[in-house]
Structures are given as structure tokens and as C-alpha cells.
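Report on the structure
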Amino acid sequence: MAVNYSAKEEADGHPSGGVGVPGGGAVGGGGGGVVKTRKPDNTAFKQQRLPAWQPILTAGTVLPAFFIIGLIFIPIGIGIFVTSNNIREYEIDYTGTEPSSPCNKCLNVSWDSTPPCTCTINFTLEHSFESNVFMYYGLSNFYQNHRRYVKSRDDSQLNGDNSSLLNPSKECEPYRTNEDKPIAPCGAIANSMFNDTLELYRIDNDTRTPITLIKKGIAWWTDKNVKFRNPTGDGNNLTALFQGTTKPVNWPKPVYMLDSEPDNNGFINEDFIVWMRTAALPTFRKLYRLIERKNNLQPTLQAGKYSLDIAYNYPVHSFDGRKRMILSTISWMGGKNPFLGIAYITVGSICFFLGVVLLFIHHKYGNRNTSADIPN
Amino acid sequence: MLRRSLSRLCAGEEKRVGTRTVVVGHRPVSDTEAYVAQKFCDNRIVSSKYTLWNFLPKNLFEQFRRIANFYFLIIFLVQVIVDTPTSPVTSGLPLFFVITVTAIKQGYEDWLRHRADNEVNKSNVFVVENAKQVRKESEKIKVGDIVEVKADETFPCDLIFLASSSPDGTCYVTTASLDGESNFKTHYAVRDTTVLCTDEAIDSLTATIECEQPQPDLYKFVGRIIIYRSNQEPVARSINAFLIVYLCILLGKATVCTTLKYVWQSNPFNDEPWYNEKTKKERETFKVLRMFTDFLSFMVLFNFIIPVSMYVTVEMQKFLGSFFISWDKEMYDEEIQEGALVNTSDLNEELGQVEYVFTDKTGTLTENSMEFIECCIDGHKYKDCISEVDGFSQTDGPHKYYGRAEKSREELFLRALCLCHTVQIKEADQVDGLMANPERKCTYISSSPDEIALVKGAEKYGFTFLGLENDFMKIRNQKNETEMYQLLHVLNFDPVRRRMSVIVRTTTGADSSIFPRVQQEEIQQTKVHVDRNAMDGYRTLCVAFKELTEKEYDKIDRQLNEAKMALQDREEKMAKVFDDTEADMHLIGATAVEDRLQEQLAETIEALHAAGMKVWVLTGDKMETAKSTCYACRLFQTSTELLELTARTVGESERKEDRLHELLLEYHKKLIQDVPKNRGGLKRSWTLSQEYGLIIDGSTLSLILNPSQDSGSSNYKSIFLQICLKCTAVLCCRMAPLQKAQIVRMVKNTKGSPITLSIGDGANDVSMILEAHVGIGIKGKEGRQASRNSDYAVPKFKHLRKLLLAHGHLYYVRIAHLVQYFFYKNLCFILPQFLYQFFCGFSQQPLYDAAYLTMYNICFTSLPILAYSLLEQHISIDTLTSDPQLYMKVSDNAMLQWKPFLYWTFLGAFEGLVFFFGVYFLFQSSSLEDNGKVFGNWTFGTIVFTVLVFTVTLKFQQEERSNREFGFVHLVSDKAECQSVRKSTCVK
């Protein structure tokens, strides 16, 4: 785009360097030069002569700009769109609202049903998943972004602050104490933590081979290492550290029994951390497990039959919610989402189209002004 | 050394009848009467608003009287009291910031005023107490003190002249700070006290003074009057209108959200799902109360739509912007070594909106330095004979073409010039502002520059005034003889009578008032000359004489003394005596004195005209002179049709009011009714082919504005106004200072309240400078009063051009952009937050983090727009100055109308939608990163915010220059940014 650069010339022909001595000795009358005049400094700033540039919009600059934007955006859009389409994604809704669904029997589970209701869903992958596969669970109509819900947590408790541990913030109400004992972790978010267990099996000639699901590395680094910390104290015995607190009402186990590994237990349990990062929209996905590619010869998930074993604990039917399990590969630009590519292509096309229209108009009617013509 | 006792006149006191008694020197008049100290107000000048004690409460009160500040205070209180989505800090901090910055600015300005006051109040004054001089501060002078004022000092208060160091009891006073006349007036001490010229002697004086109560006349301009303007300027008006629109949007949003919230919550699993239970307190709250707090919460959530920091940015922009005006090198004048001065920073943008320019003539359009050009004796013209001192008397001199008058008449004329004045000779040459005579090393000082010009003119023709000695005026005539005349009485010049006389045996005065008083046949030829001279822009004076017999003189002497002693109505009595005395005179001739025009005057006036401003000249001068000046400065073109409403057209008869009304109707018909197509256009109307100019004089004006009795006359005022508004140029001559202000007020209060600008140099212009929206003072020769009372002071009239066309235009455009940009950026800031409510169950969940909410206007987006609004030049200054037509583009507040406002509002709404839904659709995918991790709600807000800040900041480039094509580029850039900030993550 052509830009008209017009540095306004210094009026007196010399660049203004004199900061202390204003405007040279223009004021006559002798006085030995020490006479301080009130003459304003002749600096570009004070005289409002700072260099400026101003894009001049003529057909000669705007039309190429349109074409260039069109030509850059369309390929970018196509690239993103193709990348997005190459992403493999497979989604299973296991809510079980339909009577035919295997999980229908679990539809009205409550929190503390023991043993948990389990169901198995078989599915077939048409295409193999070549790269690392990310396993998500998705909830719908679940307002994690409701204000009352979002603020119902105590960040300093989660950060391992001992006083907050025993005296959680008032924001946690009504999930702050239970039977006069402080709840750790307190608040509605923690209380409603997703507790379905999902297991994936590959079915090969009627043999079920479990697929290794990695449960670490699903949370944000900063969350895991900065925001969430277990309370500190003597020794590393979490049970002792959480002494004096009680588990959230809906949890079957206390927080220090979430996992067997010490670096994934207590507040720094990654499933917990992922849940605690409240979703932006009422329909959301959260990262559940990672499936790593074993070697370069085989795809992570071959095309074929699989089965999903669900320990159905999490009730969503009461608020008309849905539960899903999503398997997805990831590209450099994240998960499957054609929106960005389409947006780029659309904007690029509009620009290009407008460029053509304006070129036509300019060519047909713009000849009055012969000096402003289009390059090339 | 001058000595005066004083009586304080306090302006602002209510009218009180009767007289007041002042005890001189605070000594009891008689021993029998106990001295009762009377209560008069002190001599302090207060122009400051605050003191140290009341600054905080008063300033806070003033600030919270502003709608916007009060609104934010309410929001803040709501946040403190009610459980709201955002913490009180989010609105408390910006409010605190705004209040602090404004308070600092106002405090600083008030401190400057304090300093200026102190300069006056703390100045040293010598008061005579117990036969000793006591140094006092000016503010401590009490009514009744005897004050000693030395030469060249300022009078600290109103004084009565008791005695002076000169044995004849005279002193020369310049009243530049009162009425703008820089000339010297002779004042005479009270006869009985003239001898008391030492401290001891004056101490022996026991007296009381009875005088009138303070009168609100011209002299109420003593001291500085700082007028805090209460009427709203168009920019502020527009801002308030926009504010109300946004307030409605805000209320609408809050209502919609509250309603929808309860609709949505009617479904129990939405209201309270198992995972998100309410607290006991929430459940028990009364539903109506809950709805009300919900409404308030939504208000608080969306309150950022009304830009808190806009006011502070506007204030800062004005404050800092005014520096560019005072820094302007082109408005620097080498002669007085000063540049422009900005007294008020609040009006920068008003300079771009001026529709009416009221200008003084003397000293503003003209330079107020007089030069004797020519004279006319008995109808014979004499012109310019500088080289020969004696050229006048030679028959074959340069004047032979004009014919010659009798020798005796010539001499009589020149003697008259030499005698009829109040010029004084000052031997030392330190008296400033006056013309030094190099040959004789002495200076003429006088109450009028015309007089000096005349005396110097007479000197050129061989008659030299040598001075006044013991009531005898000495003149050296052409034959180098010294003539002596006894000065019996001086009938001083006054603007009503427009004449002055001396009784020695001769007289001088302004022509139109002398002609009726001389015999008819002499007039004709002289009148021709006078008229021609007046047309050329010269000030003309006629010289006439009258011989008085002893008997006549005795009678006049007695009458004069009687009149001088009168306490009440002294003015009228004096005037009557003067009138009687100055009848039946013999005209000898006339003089012409040139009043030089300011440099580049015509160009400036033409530029102002071309820029669509109407220039009105308001002058105390006579019509002919003023008219010729107007022609000279091209205010009136030769094609301009002049409409006259003066004593000449109206006549002097009893029926002049009727005649005036006839004229008004006639002109009205001519201008308005005959040009129907032009009727509706409030726009500047000089696009029509015929230009009209109006001339009106002071007496006619007062006839129109203060009609005698009949009720129908008020109608004529509006007719007059309509006529005025249709004219391209209006000349008001023979105006008293208050009439000037009256005219300005009349125009200011017309429909559409156009922005008026007054420019003047003398204290007699102060009233109109204060009355107009924008007051400009010329730092001229006539003292500082005008420039001190003005909003802006410039050295010369020509600087008005750059001040208005360049600075005014730029500041208007800048502030217009600033205001609209603020509304725009806050709309597109808060709209996503509104839309988010639809996705979070109307739970008042803020989209942005509290820090973003607080800092958005303070940090993230305020500095670029501030810099922009200080430095933007959409058109270069040179172009603006040279093409006055551009000024019209921004006239009538063109950039702050509804159309651009709606454009910005829709733009803001559109962008808000794009930001929100762009990110919304992005969030449909499982992850936005290559590690598969998921973003939360705060990241959502952060992405929207980042895109927002980028776009809103980049918006400048497209602003103004943006055309329709650029909108799409913009959309593209949004998307590009979406892409770029995808990686930006938020730790939350």
C-alpha cells in the first residue's frame, strides 16, 4: 500500500537542536545574549511539525491492498481448513437418554451409589488415528461459568495455605463446611467434580486389549506447579496434612485419596485441576487422558473395533445435560474447528470480490481522473 | 508624589440609597462625637475559588455535581453495599484517579490565581498614619486611610485626590486599566487640601467625606472578575447527549438481562442445579429485592459502557493542548517579545466553532498610534509639509493647489490647535507609551493620542506648544515669539458630548456635534473635506471658536463652579453648562488624523469571512471613522449594500422611534421577506449574491434595546436581531462598554446559541470579552486588563487567523474524535460482556478479569488516544491557515452530531459482536493448542480483551481516513489477531 510520507520541513531550514537556547538570537536589542527571551522554542514538537505519515487512499493503493489481502487470506484459510479437516475426531454420547443406549440403566444414578453403575459402549473407528490421541469428556448444559459457581472456590486454600485450609473463604458457601468441619477443597466447583471413569479397549477378534491411558500431563503447567499446591507441614503424609478437614459432600473419597501417586494426589491431582479450570461456555470439553503413540510404525489407534467402559457416577439427567467422550488428534492449531479456516476464506474472498468490483467501477467510471490509475 | 485619601467602592454590594460618610484618617471629627468605626469591606481582591481549608470539600462537591462523576459515585456505592460481580475497586479506582487528577488540575489553576491575587493584594502601599508613612499590604487598606501613591504606581483602590507634590495640585492619571484609554488625564486635587503636601500637614487634616454609595457603573471592572462560565458549550452539550444515550443503552441492557434471567430461572434445574446450590441467605431473600439487586448488579457489570476516564482524558487533552498554542512561534511578536497566552484551557475546541467575531476597533483593528495627516482651514486643504518648518507661510509652498485661507485664520486655527488640549510637557523622557520629541528632549503626554498628534501637527506648521506655567499656556509662533494665554477653564472631552473646549478665548471638538453649533454657510466646504477624510479612515476633528465678553465669562464661570460642587447629578449639570457654553461657535477648520491599521488586517478579516464567521465591529468611535476603517480592512466590500440605523437615518426628531421602526421593517422586508429561499437556512447565509452590511450607533441601539414605553417595541428587537443575523458584517459605533456586552449577549442568546468570540485590547472591551464564549485579548498598548480577563491573549489581531483556523479547527477535530472514540471503545468493550450473559445463565459473570475491567480505560487504551488527540493533524496546519473554507466543514459542531455518533456506535456494536462470536466459535473446538489442553472462561475473556485492545488501538489509522473499503480490512485484522493471540494464555 502506498503511503505518502511527508515529513514537514523545518521552517527555518535547520534542524532544531537547541533545547536550552530558544530559537537562536532572533531577538535583537543587545543585552549580552544572556537575556532570556520568551520566544517559544523552534522545535518540531512544540511547533507541531513532527513528521507524520498518512495513508492516502486512492484507487491505486486500495485496490492492490484488497487483492493482496484476498490473496494472502484465501491460502491461509485453505491451509487452516485442510489442517482442521485432517484432524481425526470421534465422539460418543453416553448419556443414555435413549432407551436403546447401554447406559440407559444408569441414567438416574445418584452420587453415592455403590457399587457404581457400569456400562459398555462398543464403537468402530473407520480411520486410524495416526498421531497422539487426546481423550476428552464433554458436558452440555452444564453452567460451569455461572457466577455463583465460578466464585465458589478458595484459591488460597488450593494453593496450600494452611489457614485457608481450616478456614475456607466465605465464597465457598454453601459448600464451605460439613458437620462443623471445613471442606477441603471447598466450594461448588470442587464439590461437583466429574467422577465418571472411562476405560478404552481395543477389540481384536473378541479379545479386549486395554489401551494405556496416561493421566498426567493433562493440566496446565502453571496450574499444576503454581496455582495448586498441597498444604505444607511435617512430612509428606497427605492424610496428616489434611487433618481436621472433611471431604466435599458429593465425593466418595477425600481429596488425599484421589490417586495413589504422591505427585498426582491431593490438590495437585490433575483430573481435579482440569475440573477446577471453569469452562467458558455451558457446552464444554475437558481433557481426560492422553494416548501416546507407541512407535512410528503403528498408528496410535488403528481403524477397528473398540469398546468404552464407563463407571457411570455423574448425574446429568436432572438438569437436562449430556455427557460425551471424544477422541481427537491435534494439529499445530489445536483441535478440529473449521471456523477459523472458513472465516479466513470468507474474508479473503470478500476482499478479492470487492477488489474486482471496485476495479471494474474504477475502470469504467474512474477515467475522469487520469492521473490516478492502477498499477499493472 | 501624589496623595489621596480613599473611599472604597465595593462592587457587588447591593444598591443602597443615600450617601456614605467616610472619616478621613480614622480621626473623630469633633471631640464631642465618639469615633465609631464604620464597617466597610476590605481591599482584598479574591479571584481564587478555594482556600486551603475548603479546597477538599468544595472541590469534591463541585466535582460530584457533574453527572458522570455522580453516576460513578453511585455505582461505587452500589458495589460497596450490594453483592456485585465486580469488586468496588473496579470502579472505585478509576473514579479516584479521575477525581484526583481533576482536583490536582483545579488546585494548580487555583494556586495560580492565588498567586496572581497575592501579587495584587500583597503589593506594598504607603499609608500615612500619625504623620508617618507606614508600609502596608494592599489588601489591608481600610476605608478612610490616607494613601500615598508615587509616580508610575498603580492605585490600589478607589481614591479621592487630596494633594500632590506639584504645587498646583494636579496629577496625571492613566485609566488604561479601567476604560482602556492609555492617555493621561489631568486630575485636580480638592482645593482646600492642595496645600497639605507633606506627611505632617496631611496628618492635621480632620475631615469626613460624604459620597455616593458604590455604583455599579463602568468602574465595577476594577480588579479582576473571574467569571466561571455556566452555560454549556456545544461540545459539552453533545457529550451529555451521548452520555444519556449510553445511559439508556445501559439501563436497557440491565433490564433485558434481569428479565431474561428470571425467565431462564423459571426452570428449576436452571435456577439451582445440584452442582450449584444457593446459600441459605440467597434462598431466603425476598424475590423483589433479589430482582432489584440483580438489576443493580447488571448495572455495575455494564457500567463501563460509560467512559469514566473520558472526562479526565478530555481535561488532560485540553490542559496539555493549550501548551501548543502558547508555544506557537508564529504567534510570537518580536516587538513586545511575547507570544500567545492561554488563560483557560477549557475552550480550545470552541475556537473551532466560532460563528461570530466581535472586535474592538481602536488598538485591535488599528494600531492606536495617531499621525497628523492634513487639515482644512476655511475650506482650504493643507497637506503634509514636514520638511519645511515655515513652509506653511510661503505662498509658493506645496499647498498652492489647494488655495489658501486668510493668514489670520490660519494662525487662529493653529493657535486653537495649540491651546485646546490637555497635553502636558514632560521634561524627562521616561514616561512610557508616548512620543518623545528628539529636538527638545521632552515628551508630550496627554489624555488622548489625537491631541498629541494635533499638537505635533501644529508644531510642523510652526506653532509649538511650550507648556503650561501657572495657568498660562505658552506657545511659540511662526515668528518665534512666545505667546501666553491664560487658561481659565477646561471643558474636558467626554464621549457623550464628543467635544472639548478650553476657555482662553478659543475651542475644539468632534465634527458632527460642532456643525449644528456654528453658522450654516461656513460649513459646506469644510464638510466636504471632513467627509472625504472620514472616508479615508482618518479621525477628523473640527476646530471652532467663540469670543466671550467678560460678562459672559463671569456667568459661565459661576455656572461651572456651581455644577462642579453638586453632589447629585453632577454629570448632568456639568453637561448642561458645557452645552450652553459651547453654542454659537465659529468654525475655522478641520483636522485629519490617521489611525494606522494593524498589519495583515484585511487578509485576516477576509480569511475569517471566508471561514464563515461573521465579523462585527463594536467601537466607541464615530461612525464615519469606523466605517472607513471597515472599508479599509475589507469588512465592507464596495459591493456590500449598507443598511444604516444611525442618528443620521433615524433623525433627531421626536418621532425618531417611529422612524426607526419604519426603517427596521423596511430592512427586514428587504433581507428576509424578499429572499424566501434563504429563510430556513440557519447556516451561514452569505452564499447569496448580495451582501449586506449594517451600521448602527449607540444611541439607536439603546433605542431598540431599551424602548421607551410602548409595548409593541419588544418585537422590534427580534426584527433587529434577524436583520443583524442576515448581514455579513455589522458595524456598531459609538458604543459604551456595556452596550458592547449587550450586543454580544443578544447574539449569544439567539436560537441555536452560536459561539461568539470577542477580541479587544482595552479595559473597555473587558465586558464583551467576558460576555462572549471565547474572549481574546490583544496584548496591546492599552494595558493588560483585556488580556488578563481573556481566555486567550495574542499579540496581534492577525494571530486570530492561526488561532481559529488552525488551532481551533484541529482542537475541535481532536476533541470530537476523542469523545466519539471513547464511546466507541467502551461500547465494544462491554458488548461482549453483555453477550456473555446469554451463555452464563444471566448470572452476572464478568467476561473479563477485574484487572482488565479496571485498567482498560486507565492503562490499556487511554494513552494512545491522548497522544492522538494532542498531535493529530488530519490536515496540515499550513493548509488549514491558507484555506479558510476548511473551517466551515467543522462548523455547527458538525463532527459531534448524531450521524457520526451513530456511525461510531454501530461500529462499536459490530466489532463487539465480531469479537465475541469470533472467539465463541473458536472455542467450539476441543483445544486451541497443540498440546490439547483446554481453555477456561478467563482465557475466553482474555482473548476477547486482547483482540479488543489491539483493534481499538489500531483504529486510529482508519479513523477519519477510513472509507467503506477499510471496514473489511478491519474485519480481516480482527481475524488475524484472533489467530495471533490464540497462543496468548492466561494463568487463572
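Residues numbered from 1 in each chain as written. Chains lettered and ligands numbered in written order. Predicted model: local features only at pLDDT ≥ 70, side-chain atom pairs only at ≥ 80, totals over all residues. Heavy atoms only, no water.

Examining the overall build of chain B
Short version of the rule: Only DSSP runs of H or I reaching four residues or more are called helices, and only runs of E reaching two or more are called strands; each is numbered from the N terminus. For every residue, the accessible area obtained with a 1.4 Å probe (protein chains only) is divided by the maximum for its type, and the residue is called buried under 20%, exposed over 50%, and partly exposed between those limits. Note on contacts: a residue pair qualifies if any of its non-hydrogen atoms lie within 4.5 Å across the two residues. Under the convention used here, a 1.4 Å probe and the Shrake-Rupley method define accessible areas, while residue burial counts only the protein chains that appear.
Broken down by element type, chain B carries 33 helices and 31 strands. In chain B, which comprises 988 residues, the proportion classed as buried is 56%. At a minimum sequence separation of 6, the contacts of chain B that also span at least 24 residues come to 74%. Total accessible area computed for chain B in this model is approximately 42,000 Å², and 56% of it derives from carbon and sulfur atoms.

Regarding the sheet that holds strand S12 (residues 322-329) of chain A
Residues and elements named next belong to chain A. To keep things clear, this is the line we draw: In this scheme, strands are said to pair when DSSP sees at least two bridges between them. For helices, the fitted line uses only the C-alpha atoms of the stretch in contact; every axis is such a line through C-alpha atoms, and the angle between N-to-C directions lies from 0 to 180 degrees.
Strands sit in the order S3-S12-S5-S10 across an open sheet of four strands; the sheet is antiparallel. The open sheet terminates on both sides in strands that have one partner only, identified here as strand S3 (89-93) and strand S10 (284-291). Taken pair by pair, the neighbouring strands of this sheet meet at an average axis angle of 20°, ignoring direction.

Describing the UniProt feature "transmembrane region" (unreviewed entry) in chain A
Condition: UniProt positions are given in the numbering used here, feature names are shortened, and annotations may be inferred rather than shown by experiment.
UniProt records the feature "transmembrane region" (unreviewed entry) for residues 56-82 and 339-361 of chain A in the present numbering. Along residues 339-361 of chain A the backbone is 100% helical and 0% strand, and the end-to-end C-alpha distance reaches 32 Å.

Overview of the pattern of salt bridges
Stated precisely, the cut-off is as follows: Salt bridges are defined by distance alone: a side-chain nitrogen of Lys or Arg within 4 Å of a carboxyl oxygen of Asp or Glu.
According to the stated counting rule, one finds 32 salt bridges over all chains in the structure shown. Between Glu272 of chain B and Arg283 of chain B there is a salt bridge whose closest N-O contact spans 2.9 Å. Highlighted residues: Glu272 of chain B in the loop between helix H7 (268-271) and helix H8 (280-284) and Arg283 of chain B in helix H8, separated in sequence by eleven residues. Glu272 of chain B sits in the partly exposed class, given a relative accessible area of 25%. With relative accessibility at 46%, the residue Arg283 of chain B sits in the partly exposed group. Residues Asp333 of chain B and Lys796 of chain B are paired through a salt bridge, measuring 3.4 Å at the closest nitrogen-oxygen approach. You can see Asp333 of chain B sitting in the loop between helix H10 (308-326) and strand S10 (341-342) and its partner Lys796 of chain B sitting in the loop between strand S31 (792-794) and helix H26 (799-837), a full 463 residues away along the chain. The buried category is assigned to Asp333 of chain B, whose relative accessible area is 8%. Each member of the salt-bridge network shares a partner with another, and the members are Glu89, Glu91, Arg285 and Arg324 of chain A.

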